[in-house]
Amino acid sequence: DGGITQSPKYLFRKEGQNVTLSCEQNLNHDAMYWYRQDPGQGLRLIYYSQIVNDFQKGDIAEGYSVSREKKESFPLTVTSAQKNPTAFYLCASSMRGGGYYEQYFGPGTRLTVT
Amino acid sequence: EDQVTQSPEALRLQEGESSSLNCSYTVSGLRGLFWYRQDPGKGPEFLFTLYSAGEEKEKERLKATLTKKESFLHITAPKPEDSATYLCAVQENTNAGKSTFGDGTTLTVKP
């Protein structure tokens, strides 16, 4: 079955701790994305990558970091510098970047920081 | 800066009562407009891509249309299983890979 997996589904952390969210895809897609969704709101872009070893900041990158060492993987680290980290995080991929292709989303990780 | 506004925020329909959802957008040059469906607690699921004004796409009870300023998602004779949040997203032709999403319309269809 081709798709995107995110783990874990629920994550709880104490304030001040860094946490890494996993995203893996077996669709052979070049481009991958990370979004944040807050209640009643749409998706806001954190980071995106169109090719291995390259990534760009989205609209709300402050307090987050990413890496793209393999085509299949695009982990997101939520650092202690992120002021409001509690949110629903979604990873997505598309065949290529450039805006012509639809995005496929994972099931999401709900992060709660207390 | 790209802007996407969806209306209404919430829509309640009786089963079989047709209606439309609106997505108004502002971009300097549209590369593509995308519709997604999102069920509670899950990731969005792709529905349609529209590339140019006048284009229409259909899937079961859903039909998406596009003008130069807005897109409509028409729902004909909806069923309770159509209940979900519908998200609209646009990609500008100068911002490779970046999508701007609207806040969505939450549709509830009562039996």
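Source: prediction; values computed, not measured.

## Thoughts on the interface of chain A and chain B
Line of reasoning, step 1. Contacts between chain A and chain B engage 25 residues on the former and 20 residues on the latter.
Line of reasoning, step 2. Remark: the boundary between chain A and chain B carries zero salt bridges.
Line of reasoning, step 3. Within the residue set of the side of chain A that touches chain B, elements represented by two or more residues are β4 (31–37), β5 (43–51) and β9 (87–94) of chain A.
Line of reasoning, step 4. For the side of chain A that touches chain B, the element with the most residues is β5(A), which contributes four residues.
Line of reasoning, step 5. For the side of chain A that touches chain B, a count of residues per class yields eleven nonpolar, ten polar and four charged.

## Describing the pattern of salt bridges
Line of reasoning, step 1. All told, the structure shown has seven salt bridges over all chains when counted by the stated rule.
Line of reasoning, step 2. In this structure, the salt-bridge partner of B:Lys63 is B:Glu56, at a minimum N-O distance of 3.3 Å.
Line of reasoning, step 3. The partly exposed category is assigned to B:Lys63, whose relative accessible area is 27%.
Line of reasoning, step 4. Residue B:Glu56 is classed as partly exposed on the basis of its relative accessible area of 49%.
Line of reasoning, step 5. One salt-bridge network, in which partners are shared between bridges, spans A:Arg36, A:Asp38 and A:Arg44.

## As for the sheet that holds strand β3 (residues 19–26) of chain B
All names here are of chain B.
Line of reasoning, step 1. If you trace the five strands from one edge of the open sheet to the other, you get β1-β3-β8-β7-β6, paired in antiparallel fashion. Both outer strands of the open sheet, β1 (3–7) and β6 (56–59), are each paired with one neighbouring strand and no more. Adjacent strand axes in the sheet meet at a mean angle of 15° when their direction is disregarded.

## Notes on the sheet that holds strand β1 (residues 4–7) of chain A
The strands making up a sheet associate through backbone hydrogen bonding, with each pair oriented either parallel or antiparallel.
All names here are of chain A.
Line of reasoning, step 1. With antiparallel pairing, the four strands of this open sheet are ordered in space as β1-β3-β8-β7. For this open sheet the edge positions go to β1 and β7 (64–66), each flanked by a neighbour on one side alone. Across the sheet, the mean angle separating the axes of adjacent strands is 20° when strand polarity is ignored.
Line of reasoning, step 2. Inspection of the sheet shows β1 paired to strand β3 (residues 19–25) by four bridges, in the antiparallel sense. Across the sheet, isoleucine 4 pairs through a bridge with glutamine 25, a residue of β3.

## Some thoughts on the packing of aromatic side chains
Line of reasoning, step 1. Considering all chains together, one arrives at eleven aromatic pairs over all chains under this definition.
Line of reasoning, step 2. Ring centres of A:Tyr64 and A:Tyr89 lie 5.9 Å apart, and the angle between their planes is 65°; on these two criteria the pair is classed as edge-to-face. Remark: A:Tyr89 occurs in strand β9 and A:Tyr64 occurs in strand β7; sequence separation between them is 25 residues. Each of the two residues, A:Tyr64 as well as A:Tyr89, counts as buried.
Line of reasoning, step 3. Measuring from centroid to centroid gives 6.5 Å for B:Phe34 and B:Tyr36, while their planes differ by 25°, and the two rings are stacked.
Line of reasoning, step 4. In this structure an aromatic cluster arises from ring pairing among A:Tyr33, A:Tyr35, A:Tyr48, A:Phe105, B:Phe34, B:Tyr36, B:Phe46 and B:Phe101.

Here is what the cut-offs are and how they apply
Residues numbered from 1 in each chain as written. Chains lettered and ligands numbered in written order. Predicted model: local features only at pLDDT ≥ 70, side-chain atom pairs only at ≥ 80, totals over all residues. Heavy atoms only, no water. Contact = heavy atoms within 4.5 Å. Salt bridge = Lys/Arg side-chain N within 4 Å of Asp/Glu carboxyl O. Helix = DSSP H or I, 4+ residues; strand = E, 2+ residues; numbered from the N terminus. Nonpolar A, V, L, I, M, F, W, Y, C, P; charged D, E, K, R; others polar. Buried < 20%, exposed > 50% of the residue type's maximum accessible area, 1.4 Å probe, protein only. Pairing = 2+ DSSP bridges. Axes fitted to C-alpha atoms, helices over the stretch in contact; angles between N-to-C directions. Phe/Tyr/Trp six-rings, centres within 6.5 Å; stacked < 30°, edge-to-face > 60°.

In short, the description is geometric, and any link to function would need to be established separately.
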